[in-house]
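# Structure assessment
Listed here are the chains, written in short residue letters.
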Amino acid sequence: MDSYTLALGGTFINMHYVCFTWLFFNSDSLPDALDYMAALVHNFFIEPHYAEAFLAISFIYFTYPIVKNFTEWFIIQLTKNTAFIFTFGIYFNFVVSYLYCAIRYAKFYLH
């Protein structure tokens, strides 16, 4: 198995272990914890007003192993490619100028 699969499996097991132990430490008594666990097993559906939060948390959970080494990749790209640095500089200048103008004119129109 590759390291990504092992990291994903380890994250999955660790998250379930933490949630499982939290269930018992958070409950007032053992029957309350078992009732809560039964509700988790039998009431497995997502309420419509929780769908956005569920999707956001799922996206973050599954993309973290992919992007956790992004800083090292970014530094390698900066040292390899000077055209990338120039393009990034132009893009950064455009974004900063745009934000400055947007904030300046937003204050003008809000007063």
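See the structure above.
Residues numbered from 1 in each chain as written. Predicted model: local features only at pLDDT ≥ 70, side-chain atom pairs only at ≥ 80, totals over all residues. Heavy atoms only, no water.

## Let's talk about the overall build of the protein chain
Put simply, the rule reads: Helix numbering and strand numbering both begin at the N terminus, where a helix is a DSSP run of H or I of at least 4 residues and a strand a DSSP run of E of at least 2. Under the scheme applied here, a residue whose accessible area is under 20% of the maximum for its type counts as buried, over 50% as exposed, and between as partly exposed, the area being computed with a 1.4 Å probe on protein chains only.
Counting secondary structure elements, the protein chain contains five helices and zero strands. For the protein chain, the N- to C-terminal ordering of α and β elements is α-α-α-α-α. A buried classification covers 5% of the 111 residues belonging to the protein chain.

## What about the packing of helix α1 (residues 3-26) against helix α2 (residues 30-42)?
Stated precisely, the cut-off is as follows: Think of each axis as a best-fit line through the C-alpha atoms, taken over the contacting stretch in the case of a helix, with angles from 0 to 180 degrees between the N-to-C directions. The cut-offs work like this: below 35 degrees is roughly parallel, past 145 is roughly antiparallel, 65 to 115 is roughly perpendicular, and the gaps in between are oblique. Only heavy atoms enter the contact rule, under which two residues are in contact if any of them lie within 4.5 Å. Amino acids outside the nonpolar list (Ala, Val, Leu, Ile, Met, Phe, Trp, Tyr, Cys, Pro) and the charged list (Asp, Glu, Lys, Arg) are all regarded as polar, and Gly is one of them.
At their nearest, the axes of α1 and α2 sit 8 Å apart, and the two run at 140° to each other. The angle between α1 and α2 places the two elements in the oblique class. Contacts between α1 and α2 pair F20, W22, L23 and F24 from the former with L30, A33, L34, Y36 and M37 from the latter. Each residue belonging to the contact of α1 with α2 can be placed in one class, and the counts come to nine nonpolar, no polar and no charged.

## Notes on a nonpolar patch on the surface
Stated formally: Excluding any residue in a salt bridge, patches collect residues exceeding 30% relative accessible area, merging like charges within 9 Å and nonpolar Val, Leu, Ile, Met, Phe, Trp and Tyr side chains within 5 Å. Note on areas: these come from Shrake-Rupley sampling with a 1.4 Å probe, and a residue is covered only by the protein chains present in the view. A pair is scored as a salt bridge if a Lys or Arg side-chain nitrogen falls within 4 Å of a carboxyl oxygen belonging to Asp or Glu.
Taken together, the side chains of Y4, I66, V67, F70 and W73 make up a nonpolar region of the molecular surface, amounting to roughly 510 Å² of accessible area. Secondary structure elements with two or more residues in the nonpolar patch: α3 (51-67) and α4 (70-80). If you trace the backbone, W73 turns up in helix α4.

## A closer look at α3
For clarity, the cut-off: To estimate the expected span of a helix, subtract one from its residue number and multiply by 1.5 Å. Bend, in this description, refers to the angle at a residue between axes fitted to the seven residues ending there and the seven starting there.
Between the first and last C-alpha of α3 there are 24 Å, a value that for 17 residues agrees with the 24 Å anticipated at 1.5 Å per step. The sharpest bend along α3 reaches about 25° and sits at Y61, with the proline P65 one to four residues further on.

## A short note on the packing of α1 against α3
Worth spelling out the cut-off: Two helices crossing with the near one rotated counterclockwise from the far one by less than a right angle form a left-handed crossing, whereas a clockwise rotation gives a right-handed crossing.
One way to put it is that α1 packs onto α3 with a least axis distance of 10 Å and a crossing angle of 140°. Taken together, α1 and α3 sit at an angle that is classed as oblique. Seen along the crossing, α1 lies across α3 with a hand that is right-handed. Packed against α1, whose contacting residues are Y4, L8, T11, F12 and M15, the element α3 presents Y61, F62, P65 and I66 at the interface. Classifying every residue of the contact of α1 with α3 by side-chain character gives eight nonpolar, one polar and no charged.

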